[in-house]
Amino acid sequence: MTNDELWKAVLGELELELSKPNFNTWFKNTFVVSFNEGEKEVVVGVPNAFTQTWLQNKYHKPIMEMLNRITDEKVKKVIYQVEMTRPASTAAVETGEEASRHGSLGATLPRPGQVGTGQGKPGQEEETRKEETLGEKVGLNPRYTFETFIVGGGNELAHAACQAVVSALGQKYNPLFIHGGVGLGKTHLLQAVGNEVFRDGGAKRVSYITAEDFVNAFVESVREGGGKNFKNHYRNLDLLLIDDVQFIGGKDKTKEEFFHTFNTLYQKNAQLVFTSDRPPKAISGLEDRIVSRLEMGMIADVTSPDLETRRAILDAKLIEKSLNLEDKVVEYLVSSFQRNVRELEGALNKIIGYSEFYNRACTLEEIKKIISSLASQSRRGAVTPRQLVKTVVDFYEIKMEDLMGGGRKKELAVPRQIAMYLLREELDCSYPTIGDELGGRDHTTAMHAYKKIVREVDQEGRIKQEIDLIKERLYEQG
Ligand code: ADP
Ligand code: MG
């Protein structure tokens, strides 16, 4: 029996035991590198460190069993080894969808070592975590700076206003109110203001908060001690950055607090910057006095970037990631995503993820497929919370009742947190709803889980890869 035949037989058995998506994800592009009968040792080639860890941790036992069943107990040891290329003699073990893959390469993979993810040792990302900056301590993403922001048609005014604000905190344009559609760089600009202020070493009393967290923090603080801490904190700042302020609308008590915070800070000449998905007047449930306060300073909108700007943004992201894409792929991307920078970026990340996972470049055909699956993500409404949770359960091969239950083992806790994160991120569920969906947990548990996973996703490590795979499955089901 050749190595190929051996592995085919093993896969044939495994395929019967695993769900199709799990089988495809973990066994696609695997093969037997060598079988040393004397040492009773099999080396299995896998496309990346991520798969290596999964096979080792989750599927080692069944793999071992199958190998022994097929070879008549000739295997004592299995080694999973990351192999960039399979030896010429071994035929690819193709899963169904892969059989149709042909054509020229659409993307060039980064040279080994250029991109840190995917090829490192498992667990490496935990070790390389850097120390938190001042900005990160208040919740600012260090990547959101003026340097990484491409100025062009659609955002020039907002960008200029933000820079002016930094150069003279509280003196010009106070408050600054930025509004516009999703994914157009509002949060990026808002956080760039904060990051730049920290870099200047001037004002230290800076807060960045989303309006929704502002509401939650306020409610919490009132419950715990009459809201005193909250007031002390938010009324003694040099710079307050509130993201997505449209969420304040309708929340009565918080609106009141917001109004007082605003007045106090304004009178102290502290700088206020807000973002919103709509102009102040269009925020429902906001009293006139608050609207007029918000309109008092400068209002700048962001609109969709023009073609040139989209190209420049994509170029900048490619440089940041040390990646090359063929011109035709770049053109395809910038013409496919005309409205929303976040989606353009999302598509790029997905292409990179795909290339890294399978350790080779994507074809233009594949890129088109990836993009069409992203487009179907706008059918968010089609996915229910239940389906989402089920997808997570299936991915990790755990039991639904265990996920809902109280077990605190890591094998359950992490999937549970990821389910919470995805309910929030993908379906916009509120924290109380998320708590209910996961077996009646408290909303603060959901909130902490969400924040924890957001941080993990930012580290671009294993968790992020797992989440990307789960999302892929979620929308494939459609
Ligand atoms: P919004 O808050 O308006 O919904 P974000 O600020 O979250 O949008 O932007 C979405 C993504 O697009 C972010 O990753 C951001 O860095 C990126 N982005 C948006 N506009 C630009 C730009 N002009 N230059 C570089 N990156 C941008
Ligand atoms: Mg935003």
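The model shown is predicted, which means the values in this text are computed figures rather than measured ones. (Residues numbered from 1 in each chain as written. Chains lettered and ligands numbered in written order. Predicted model: local features only at pLDDT ≥ 70, side-chain atom pairs only at ≥ 80, totals over all residues. Heavy atoms only, no water.)

Turning our eyes to something else, we now look at the side chain of D243. With respect to the element layout, D243 can be found in strand 7 (residues 239–243). Buried and unpaired, D243 has K186 as its nearest opposite-charge partner, separated by 6.8 Å. Within the structure, D243 has its side chain in polar contact with the side chain of T187 (distance 2.7 Å). Separated by 2.6 Å, the side chains of D243 and Y208 make a polar contact. Contact partners of D243, with chain neighbours within four places excluded, come to T187, L190, Y208, I209, T210, A211 and T275. (Helix = DSSP H or I, 4+ residues; strand = E, 2+ residues; numbered from the N terminus. Buried < 20%, exposed > 50% of the residue type's maximum accessible area, 1.4 Å probe, protein only. Lys, Arg positive; Asp, Glu negative; His and termini not counted. Salt bridge = Lys/Arg side-chain N within 4 Å of Asp/Glu carboxyl O. Polar contact = N/O pair within 3.5 Å; in protein donor to acceptor, adjacent residues only side chain to side chain. Contact = heavy atoms within 4.5 Å.)

Right, let's talk about the environment of E308 for a bit. In this structure, E308 sits in helix 12 (residues 307–320). With relative accessibility at 54%, the residue E308 sits in the exposed group. Sequence-wise, E308 and G153 are 155 residues apart; in three dimensions their C-alpha atoms are separated by 8.4 Å. Only 2.8 Å separates the side chain of E308 from the side chain of R311, close enough to count as a polar contact.

A word on the packing of aromatic side chains. This model, assessed by the stated rule, comprises 22 aromatic pairs. Ring plane angle 40° and centroid distance 4.7 Å describe the contact between F230 and Y234, whose orientation is recorded as tilted. Of this pair, F230 and Y234 both sit in helix 9 (residues 228–234), four residues apart, which is roughly one turn of that helix. For Y234, a relative accessible area of 9% gives the class buried. Through a chain of ring-to-ring contacts, the aromatic side chains of F177, F214, F218, F230, Y234, F258, F262, Y266 and F274 assemble into a single cluster. Of note, R289 hangs over the ring of F259, and the distance from its end group to the ring centre comes to 4.0 Å. Directly above the aromatic system of Y450 lies the positively charged group of R424, at a separation of 5.8 Å from the ring centroid. (Phe/Tyr/Trp six-rings, centres within 6.5 Å; stacked < 30°, edge-to-face > 60°. Lys NZ or Arg CZ within 6 Å of the ring centre and 35° of its normal.)

Taken together, the five strands give an open sheet; going across it, the order is 6-7-8-5-9, and neighbouring strands pair in parallel fashion. Edge strands, defined here as strands with exactly one partner in the open sheet, are strand 6 (206–210) and strand 9 (298–302). Neighbour-to-neighbour, the strand axes of the sheet open up by a mean angle of 15°, direction not taken into account. (Pairing = 2+ DSSP bridges. Axes fitted to C-alpha atoms, helices over the stretch in contact; angles between N-to-C directions.)

This next bit is on the site of ligand 1. Ligand 1 sits among 18 residues. The nearest are I150, G183, T187, H188 and E345. One of the side-chain nitrogen or oxygen atoms of N155 is found 3.3 Å away from a nitrogen atom of ligand 1. One of the backbone N or O atoms of L184 is found 3.1 Å from an oxygen atom in ligand 1. Considered on its own, ligand 1 offers 560 Å² of accessible surface; in the complex 95% of this is hidden by protein. When residues of the shell around ligand 1 are traced back to their parent elements, those giving at least two are helix 7 (186–200), helix 12 and helix 14 (341–358). (Near = heavy atom within 4 Å. Areas by Shrake-Rupley, 256 points an atom, 1.4 Å probe, with all protein chains shown as cover.)

Treat this as a map of the structure, not an account of what it does.
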